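# Summary of structural features
Each chain, letter by letter, is given below.
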Amino acid sequence: MKNKMFILGIGAALFLASCSKKETVETSGTSTDSATAVQPVATDSITKATPTAAGDTSENSLDWNGTYEAVVPCADCPGIKTSLTLNDDKTFSITEEYLDRNSKNQDKGSFTWDTTGSVITLKGKTANYKYKVGENILIQLDMDGKEIDGPHKDLYIFKKK
């Protein structure tokens, strides 16, 4: 019985020693590789988009790229079904379809972030909108950059698809 315990103890010690040794080798290999690997990742993120504001902002903390949809109010129709796609390279495409009409507008362009890193401004041929960027939502703002208030304010919230 003592021999079995002794052999089991030695086996466990060898196992732990071999794990520690491999871990040390992997760690030293990884640190050499990670110094090399981190460089291209940082370069890629700078190439895609340089944040305009320091600290955690919507621009650098949220997964804002993608397609957002809403049916916004319309003065003389039931609403405007809007689909807005934001791309990593700070370009966009927007489609606005007027309900109960045979009218559809499409536009493309670029957008810029404000200095706080939380509001974008679309610049297209016809599209000139501002949106506050949140977690999986865009909130359409008025031309002064303020949230739209009133009983229909929830209709100006775009949800990510």
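This write-up is about the structure you can find in this document. (Residues numbered from 1 in each chain as written. Predicted model: local features only at pLDDT ≥ 70, side-chain atom pairs only at ≥ 80, totals over all residues. Heavy atoms only, no water.)

Applying the stated criterion across every chain, the model contains 1 disulfide. The disulfide partner of Cys74 is Cys77, and the gap between their sulfur atoms is 2.4 Å. Across the disulfide from Cys74 to Cys77, rotation about the S-S bond amounts to roughly 120°, and the bridge is consequently right-handed. Of the two residues, Cys74 and Cys77, neither departs from the other in class, the shared state being buried. (Disulfide = S-S within 2.5 Å. Buried < 20%, exposed > 50% of the residue type's maximum accessible area, 1.4 Å probe, protein only.)

Moving on, we get to the pairing of strand S1 (residues 66–74). Where S1 meets strand S2 (residues 77–86), 8 bridges bridge the pair, whose relative direction is antiparallel. Counterpart to Val71 in the pairing with S2 is Lys81. Linking S1 to S2, which pair antiparallel, is a turn of 2 residues. When S1 meets strand S8 (residues 157–160), the two strands line up antiparallel, connected through 2 bridges. Counterpart to Tyr68 in the pairing with S8 is Lys160. (Pairing = 2+ DSSP bridges. Helix = DSSP H or I, 4+ residues; strand = E, 2+ residues; numbered from the N terminus.)

Judged by pairing direction, the barrel is antiparallel, and its 8 strands sit side by side in the order S1-S2-S3-S4-S5-S6-S7-S8 before closing back on the first. The mean inter-strand angle of the sheet, taken between neighbouring strand axes irrespective of direction, is 30°. Inspection of the sheet shows strand S7 (residues 137–141) paired to S8 by 3 bridges, in the antiparallel sense. Within S8, the position partnered with Leu138 by the bridge is Phe158. (Axes fitted to C-alpha atoms, helices over the stretch in contact; angles between N-to-C directions.)

Relative to the elements of secondary structure, Phe158 occurs in strand S8. Residue class for Phe158 comes out buried when judged on its relative accessible area of 1%. Along the primary structure Phe158 and Val71 are separated by 87 residues, whereas in three dimensions their C-alpha atoms are 8.2 Å apart. Beyond its immediate chain neighbours, meaning those up to four positions away, Phe158 contacts Tyr68, Glu69, Ala70, Val72, Thr82, Tyr131, Asn136, Ile137, Leu138 and Gln140. (Contact = heavy atoms within 4.5 Å.)

Let us now look at the pattern of salt bridges. Summed over the entire model, instances satisfying the criterion amount to 5 salt bridges. With its nearest N and O atoms 3.7 Å apart, the salt bridge here joins Glu69 to Lys161. With Glu69 in strand S1 and Lys161 in the segment after S8, this residue pair connects regions lying 92 residues apart in the sequence. (Salt bridge = Lys/Arg side-chain N within 4 Å of Asp/Glu carboxyl O.)

Looking at where Ile80 falls in the secondary structure, it is placed in strand S2. Take Ile80: its relative accessible area is 11%, and that puts it in the buried class. As for Ile80 and Leu99, which are separated by 19 residues in sequence, their C-alpha atoms are 5.9 Å apart. With sequence-adjacent residues up to four places away left out, Ile80 is seen in contact with Ala70, Val71, Val72, Pro73, Cys74, Glu96, Glu97 and Tyr98.

Let us now look at the packing of aromatic side chains. This model, assessed by the stated rule, comprises 5 aromatic pairs. Seen in terms of ring centroids, Trp64 and Phe111 are 5.6 Å apart; in terms of plane orientation they differ by 90°. Their pairing is edge-to-face. On the criterion of sequence distance, the pair formed by Trp64 in the loop between helix H2 (58–61) and S1 and Phe111 in strand S4 (residues 103–113) is long-range, its members being 47 residues apart. According to the relative accessible area criterion, Phe111 is buried, its value standing at 2%. For the pair Trp64 and Trp113, a centre-to-centre distance of 5.5 Å together with 70° between the ring planes defines the contact as edge-to-face. Of this pair, Trp64 sits in the loop between H2 and S1 while Trp113 is found in strand S4, placing the two residues 49 residues apart along the sequence. Like Trp113, Trp64 is buried. (Phe/Tyr/Trp six-rings, centres within 6.5 Å; stacked < 30°, edge-to-face > 60°.)

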